[in-house]
Amino acid sequence: MNKKKIALFIGLAALLVAFFVLDLGRFLSLDYLKSSQARFDALYQSQPWTVVGVYFLIYVLVTALSFPGAVILTLAGGAIFGLVWGTVIVSFASSVGATLAFLAARFLLRDSLEARFGARLAEFNRGVAAEGAFYLFTLRLVPLVPFFVINLMMGLTQMKVRTFYGVSQLGMLAGTAVYVNAGTQLAQLNSLQGILSPGLLGSFVLLGLFPLLARKVTDLIKRRQVYARWQHLKPKTFDRNLIVIGAGAGGLVSSYIAAAVKAKVTLIEAHKMGGDCLNYGCVPSKALIKSAKLAHQMQHGAQYGLSDTTPTFSFKAVMQRIQAVVAAIAPHDSVARYTGLGVEVLEGYAKIINPWTVEIALNGGGTQTLTTRAIVIATGARPFVPDLPGLEDVGYVTSDTLWDRFGELDAVPKRLVVLGGGPIGCELAQSFQRLGAQVTQVEMGPRIMAREDEEVSALAQAALVSDGVRVLTEHKALRCERVGDTKVLVVTHQGTERRIEFDELLCAVGRAARLTGYGLEDLGIETERTVPTNEYLQTLFPNIYAVGDVAGPYQLTHVAAHQAWYAAVNALFGDFKRFKADYSVIPWATFIDPEVARVGLSEQEAKDKKIPYEVTQYGMDDLDRAIADSEARGFVKVLTVPGKDKILGVTIVGTHAGDLLAEYVLAMKHGLGLNKILGTIHTYPTLAEANKYAAGEWKRAHQPKQLLAWVAKYHAWKRG
Ligand SMILES: Cc1cc2nc3c(=O)[nH]c(=O)nc-3n(C[C@H](O)[C@H](O)[C@H](O)COP(=O)(O)OP(=O)(O)OC[C@H]3O[C@@H](n4cnc5c(N)ncnc54)[C@H](O)[C@@H]3O)c2cc1C
């Protein structure tokens with residue numbers, strides 16, 4: 001806490017103590033008010049502006065300091081100023097006082113609260129930004145919730161001050177008028193309890209609930225409007241509980257969950273079971289990375305006391321091994337397996353005809369139409385191909401076509417251009433370079449792997465460059481040309497054009513959601529970037545859900561699978577309980593060598609979001625096992641709440657970083673801090689010890705220095 005905060009805190013505490021020690025509350029009692037009414041009236045008659053001013057100030061002070069007594073003051077307002085003026089004066093004084101209390105709570109507590117619960121609060125604050133005013137208004141209308149609690153709680157959110165003030169003034173008006181009115185009848189009032197009769201209180205509650213009810217009705221009307229065009233097509237009975245379109249990670253898991261809870265579910269896949277991950281993405285790329293790493297290690301055998309050897313190999317065999325790996329994993333995602341799990345699998349192209357009907361053009365011929373209560377769209381994404389003049393003419397591969405096309409080659413392409421500096425571009429650029437291609441990687445931005453911290457990008461770039469990849473950042477692709485048999489990519493860098501000759505060009509500049517051709521346009525579902533969903537993963541139509549790459553915001557296999565649980569459960573049991581998709585702890589890894597893995601905040605993100613943090617870094621060059629393996633490069637970087645061991649984010653660069661990260665993912669998910677990691681036995685000598693040593697670095701930086709000084713004195717005393 002800084003000095004200003006401490007001063008304010010002490011000042012407020014002193015006022016609070018004075019209030020009770022001096023028993024100032026006796027001036028804020030009904031008896032005192034009644035006994036003094038004549039005196040106040042006389043004063044008001046003789047010096048009206050002074051009385052209004054002093055009253056206003058006292059009211060603001062009491063509410064700003066959250067002292068008890070606002071009700072009595074409101075009654076006094078009615079007793080002294082009458083209904084109209086009393087309501088006006090109290091309305092302004094209470095709103096100003098409430099806003100001051102709101103600001104004080106914000107100044108004193110919000111930072112430390114955000115530092116502690118930053119990630120969770122971020123989501124809450126998004127809710128406040130969207131609907132905070134609405135809920136504040138409701139709370140203000142219902143005088144059952146103490147107003148001072150509302151002031152303080154709202155101060156801890158990101159709500160704008162003027163929103164808080166405006167909504168408070170409006171929301172408190174009705175309640176203010178009731179109490180001011182009671183004040184005008186002060187003589188007949190014997191206790192505060194009588195002011196709000198059960199009837200009146202009930203009316204207030206109804207008034208408070210009105211906006212909520214209105215919201216429900218509006219939602220219902222909107223829902224009806226969305227379905228209005230289709231209502232006449234709604235079947236009376238349904239063939240299925242759930243139809244899932246697309247058998248990638250998202251679709252497979254959605255259908256599996258539905259079958260596990262005994263729903264009747266059909267999974268439709270137009271192309272290959274397992275989707276992009278199995279057939280074109282994670283699996284083949286990781287198989288390629290393994291072969292490339294082995295080739296690299298052979299070339300650098302001397303590092304291990306062996307001889308450097310140039311591996312002799314058939315590129316075709318490398319590509320065949322990749323297909324063999326895919327084939328070995330394919331049974332996990334196969335029709336047979338899912339049928340065995342209770343899922344009906346149809347191989348064909350699905351089209352949503354109306355919100356409850358899906359038509360399937362079966363691969364074997366013919367069509368089948370099925371009605372369903374709910375639909376999960378899990379149609380994934382495809383590589384994005386930029387509109388580059390000449391690109392079609394020279395030809396290119398993407399992650400979709402690469403595996404087949406390169407599988408036909410006898411040798412690795414001599415000169416390979418990789419467009420794109422994201423994770424996929426980096427993994428493939430390094431692998432093909434290690435297998436003998438001369439790779440030129442072209443990235444428009446200032447650095448590769450731009451989502452990570454700058455030092456991570458720098459390390460990744462250094463690793464690729466040391467393998468021989470020509471990494472060209474701040475190079476924008478302009479066009480492709482064919483000069484005789486030679487293919488050329490023309491790029492521009494700081495205003496100068498540069499020509500890069502190549503044999504093959506791999507396009508890895510991002511992936512675009514598959515949005516068209518299967519009915520979304522006709523339904524009126526937005527098809528611009530991804531399928532928009534709410535936090536329950538519902539699309540515009542509450543019975544149609546979307547998961548995975550087609551929905552975003554992450555394009556990762558494990559996120560698609562994670563979303564699938566929410567979509568399937570919400571689709572099948574949403575009438576009883578719905579669950580919001582939880583993105584609070586999402587890990588990912590890029591499998592270059594050394595691997596880069598992250599969970600939670602990066603340092604740059606913490607800075608951008610103004611989240612206070614401390615950094616602890618442990619270098620892999622210190623780790624026994626990494627040294628023994630000649631893999632002593634990279635680091636474990638942990639962001640924590642200042643002064644606390646609570647983990648905000650972790651980035652690991654190093655061999656097997658993707659695996660090492662799991663311990664931190666578990667810790668973050670279950671709220672375990674660095675002390676817990678430090679207190680856990682890690683097997684010696686393993687790479688996982690790096691996590692413990694990072695925790696140890698943190699502990700060293702937070703030693704209780706004063707206490708240790710005393711302990712040193714104790715030992716000295718014991719020695720005599
Ligand atoms: C080279 C590469 C490497 C990657 N590496 C990793 C990695 O290491 N880790 C990671 O987490 N992620 C990785 N990914 C990303 C990962 O592959 C995707 O995030 C994941 O596949 C998304 O799953 P999904 O279910 O959303 O979609 P998909 O896997 O794309 O599945 C969608 C399926 O829907 C089918 N379909 C579409 N429309 C219809 C229709 N109308 N009717 C019937 N079927 C239809 C498609 O044929 C497809 O099979 C990588 C991607 C690539 C390209």
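Higher on the page you've got the structure.
Residues numbered from 1 in each chain as written. Predicted model: local features only at pLDDT ≥ 70, side-chain atom pairs only at ≥ 80, totals over all residues. Heavy atoms only, no water.

Chemist: Would you mind showing me how to read the state of the cysteines here?
Modeler: The term disulfide refers to a covalent linkage connecting the sulfur atoms of a pair of cysteines. Applying the stated criterion across every chain yields a total of one disulfide. Between Cys-277 and Cys-282 runs a disulfide, and the two sulfur atoms are separated by 2.4 Å. Disulfide Cys-277-Cys-282: torsion about the S-S bond near -130°, hence left-handed. Judged by its relative accessible area of 18%, Cys-277 is buried. Among the residues examined, Cys-282 registers a relative accessible area of 28% and is labelled partly exposed. Unpaired in terms of disulfides, Cys-426 finds its nearest cysteine sulfur in Cys-507, a separation of 15 Å. In this structure Cys-507 is not part of a disulfide, and its nearest cysteine sulfur, from Cys-480, lies 8.6 Å away. For Cys-507, a relative accessible area of 3% puts it in the buried group. (Disulfide = S-S within 2.5 Å. Buried < 20%, exposed > 50% of the residue type's maximum accessible area, 1.4 Å probe, protein only.)

Chemist: Honestly, the site of the ligand in this entry has me stumped. Any pointers?
Modeler: Near the ligand, the surroundings consist of 39 residues, among which Gly-250, Glu-269, Lys-286, Asp-549 and Thr-557 are the closest. In this structure, Asp-276 approaches the ligand through a main-chain N or O atom, which is 2.9 Å from an oxygen atom. Taking Leu-556, its main chain carries an N or O atom lying 3.2 Å from an oxygen atom of the ligand. For the ligand, whose accessible area on its own is 1000 Å², the fraction buried by protein is 94%. Of all the secondary-structure elements, those providing two or more residues to the shell around the ligand are helix H8 (249-260), strand E2 (265-269), helix H9 (275-279), helix H10 (282-299), strand E3 (344-354) and helix H18 (557-573). Residue composition of the shell around the ligand, by class: 17 nonpolar, 15 polar and seven charged. (Near = heavy atom within 4 Å. Polar contact = N/O pair within 3.5 Å; in protein donor to acceptor, adjacent residues only side chain to side chain. Areas by Shrake-Rupley, 256 points an atom, 1.4 Å probe, with all protein chains shown as cover. Helix = DSSP H or I, 4+ residues; strand = E, 2+ residues; numbered from the N terminus. Nonpolar A, V, L, I, M, F, W, Y, C, P; charged D, E, K, R; others polar.)

Chemist: Looking at this model, I keep getting lost on the sheet that holds strand E19 (residues 635-640). Mind explaining?
Modeler: Adjacent strands of a sheet form backbone hydrogen bonds with each other and so pair up, either parallel or antiparallel. Here we have five strands laid out as an open sheet, ordered E16-E17-E20-E19-E18, and antiparallel in their pairing. Both outer strands of the open sheet, strand E16 (587-590) and strand E18 (614-619), are each paired with one neighbouring strand and no more. The mean inter-strand angle of the sheet, taken between neighbouring strand axes irrespective of direction, is 10°. As defined by bridge partners, strand E17 (residues 595-600) adjoins strand E20 (residues 647-654) across six bridges and the pair is classed as antiparallel. Looking across to E20, one finds that Val-599 is bridged to Val-650. Against the sheet, helix H16 (residues 454-467) touches E17, E18, E19 and E20, its axis set at about 170° to E19. (Pairing = 2+ DSSP bridges. Axes fitted to C-alpha atoms, helices over the stretch in contact; angles between N-to-C directions. Contact = heavy atoms within 4.5 Å.)

Chemist: Just checking my understanding: could you explain the packing of aromatic side chains for this structure?
Modeler: Ring pairs (aromatic) are described by centroid distance and by the angle formed between their planes. Throughout the structure, instances matching the rule amount to 19 aromatic pairs. On the basis of an interplanar angle of 85° and a centroid distance of 5.1 Å, the ring pair of Trp-565 and Tyr-566 is categorised as edge-to-face. By relative accessible area, which is 37% here, Trp-565 ends up partly exposed. We classify Tyr-566 as buried; its relative accessible area is 11%. Ring geometry for Tyr-618 and Tyr-693: centres 5.6 Å apart, planes at 40°, overall tilted. One end of the pair, Tyr-618, is in strand E18; the other, Tyr-693, is in helix H23 (residues 689-701), with 75 residues separating them in the sequence. (Phe/Tyr/Trp six-rings, centres within 6.5 Å; stacked < 30°, edge-to-face > 60°.)

Chemist: Where do I start with the nonpolar core in this structure?
Modeler: Side chains that are nonpolar tend, in soluble globular proteins, to be buried together. The biggest cluster of nonpolar side chains holds 36 residues, and the ones touching the most others in it are Phe-315, Trp-403, Phe-406, Leu-416, Phe-432 and Val-439. Elements with a contribution of two residues or more to this core: H10, helix H11 (315-329), helix H14 (402-407), strand E7 (415-419), helix H15 (423-434) and H16. (Core = buried A, V, L, I, M, F, W, Y, C linked by side-chain atoms within 4.5 Å.)

Chemist: What is the right way to look at helix H2 (residues 30-46) in this model?
Modeler: Quick reminder: α-helices carry 3.6 residues per turn. Residues three or four places apart thus point the same way. Helix length check: H2, at 17 residues, gives a terminal C-alpha distance of 24 Å against a target of 24 Å (1.5 Å per residue), a fit within 8%. Most pronounced at Ser-36, the bend in H2 amounts to some 55°. Those residues of H2 lying buried are Leu-30, Leu-33 and Ser-36. (Expected span 1.5 Å × (residues − 1). Bend = angle between axes of the 7 residues up to and from the residue.)

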